[in-house]
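Now for the letters of each chain:
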Amino acid sequence: KRVGFAVIRLAFLPCFVEATVFAIMSVLLLDLPWIWGFLLGFVIAAVTPAIIVPCLDELKKRRFKIEENNITTMLISASSFDDVLAISAYMVCLSSAFTSDKPLYLQILQGPLGIVLGTALGVISGVILWLVPPASSGKVDSRLRSLLLLSFGLCSVFGMSYIGFNGSGPLSVIVMSLTAVKGWGEDSTVTGVVDCLWVLGEPLLFGLVGRDIQFEFITPEIMWKSLIIIFVALFFRLITAFLAVSWTGLTVKEKVFVSFSWIPKATVQAAIGSYALAVAVEKGEEEVVMGYSRTIVTVAVLIILVSAPLGSMLMYFTAPLLLDKVESGHCQLGEEDSVEEQSA
């Protein structure tokens, strides 16, 4: 129960604090409107499990004590909820940013309605993936499951965009995956297929973000102002993450390690960082709105370049200073037991 509350705090508080700091400073330094400031803030606020999980696996192999004190459980669980929260809030801001021609009540309802639709579609799609193909007749072909997962995801993204809820698609894909995995249980084959697809998709994803960077619009002033905002927001994120895991039984050093683990950003920023620009181009928005969208792309790329290596290096290099190692006696005892079992 104590860990569950910590997961909720770690998922929600740093995300909202960093997004708010980003919004305020973007309005002051980058001259963005408030809605675009929060749009940028929630793009930046999402943490990336794609960096955190491999780092935790490596530290576990090096016998650091991260499972006995529930650090692994907290970080992996909270990172998933953090992404859902950031994308949901981003969707609300995106809908509001591009519905200025609609009545006020429709602008207010657009965001919450998009969250409800995206969540509902994700849950329904995930439940369908439990049942199709049926698992009662022996071993299920995991390649078919992977194909259906990919197909449903593409249909969700393009379908929601077609009916005018641009941000609901990514949200529905995350909820669908979480729901499907809950019903499938542990299926390492599906994970292996998705990992292979990710090897192909990852460079395309980051390449598309790089394609949208237009260097003629990036001035030194935007660069240094963006870097100031990034580091100030990360500072507040670190403090909030440290406080969020208080009252969990962790030591001060372990809380610092959790804070460092909450720095890396990459996949969400690459996936939705250029989405606002794509919507602006599609709608033929005026140059001012195009400029706001380009600023979001620029800052999204900068946060990836800064936070991904910084966060992973801090996790790796501070672990010996901040984390205890599993006592060698336990390992030796386990090894002796396994030898006795084999000899028996």
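Up top is the structure these notes are about.
What you see is a predicted model, and the numbers here were worked out from it, not measured in a lab. (Residues numbered from 1 in each chain as written. Predicted model: local features only at pLDDT ≥ 70, side-chain atom pairs only at ≥ 80, totals over all residues. Heavy atoms only, no water.)

What about the side chain of Ser 261?
Phase 1 of the analysis: Locating Ser 261 in the fold gives a position in helix α10 (residues 252–261).
Phase 2 of the analysis: Within the structure, the side chain of Ser 261 is placed 2.9 Å from the backbone oxygen of Phe 257, a separation counted as a polar contact.
Phase 3 of the analysis: Sequence-distant contacts of Ser 261, that is, excluding residues within four places in its chain, are made with Val 47, Ile 52, Leu 75 and Met 315. (Helix = DSSP H or I, 4+ residues; strand = E, 2+ residues; numbered from the N terminus. Polar contact = N/O pair within 3.5 Å; in protein donor to acceptor, adjacent residues only side chain to side chain. Contact = heavy atoms within 4.5 Å.)

Brief notes about the environment of Gly 311
Phase 1 of the analysis: Relative to the helices and strands, Gly 311 resides in helix α13 (residues 287–322).
Phase 2 of the analysis: Between the C-alpha atoms of Gly 311 and Ile 51, which are 260 residues apart in sequence, the distance is 8.6 Å.
Phase 3 of the analysis: When sequence neighbours within four positions are dropped, the list of residues in contact with Gly 311 reads Phe 260, Ile 263 and Pro 264.

Description of a nonpolar patch on the surface
Phase 1 of the analysis: A surface patch of nonpolar side chains, about 570 Å² in accessible area, is lined by Val 123, Ile 124, Val 127, Ile 128, Trp 130, Leu 131 and Val 132.
Phase 2 of the analysis: As for its position among the elements, Ile 128 is in helix α5 (residues 104–131). (Patch = residues over 30% accessible without salt bridge, like charges linked within 9 Å, V, L, I, M, F, W, Y side chains within 5 Å. Areas by Shrake-Rupley, 256 points an atom, 1.4 Å probe, with all protein chains shown as cover. Salt bridge = Lys/Arg side-chain N within 4 Å of Asp/Glu carboxyl O.)

Points about the pattern of salt bridges
Phase 1 of the analysis: Taken as a whole, this structure holds six salt bridges when the rule is applied.
Phase 2 of the analysis: Here Glu 18 makes a salt bridge to Arg 237, at a shortest N to O gap of 2.6 Å. Within this pair, whereas Glu 18 is found in helix α1 (residues 2–29), its partner Arg 237 is found in helix α9 (residues 220–244), the two being separated by 219 residues in sequence. Like Glu 18, the residue Arg 237 is buried in the burial classification.
Phase 3 of the analysis: Taking the shortest distance from any N to any O, the salt bridge between Asp 82 and Arg 237 comes out at 3.7 Å. With Asp 82 in helix α4 (residues 71–97) and Arg 237 in helix α9, the pair connects residues that are 155 residues apart, well separated along the chain. Arg 237 shares its class with Asp 82; the two are buried.
Phase 4 of the analysis: Within this structure, Glu 18, Asp 82, Arg 237 and Lys 265 form a network of salt bridges that share partners. (Buried < 20%, exposed > 50% of the residue type's maximum accessible area, 1.4 Å probe, protein only.)

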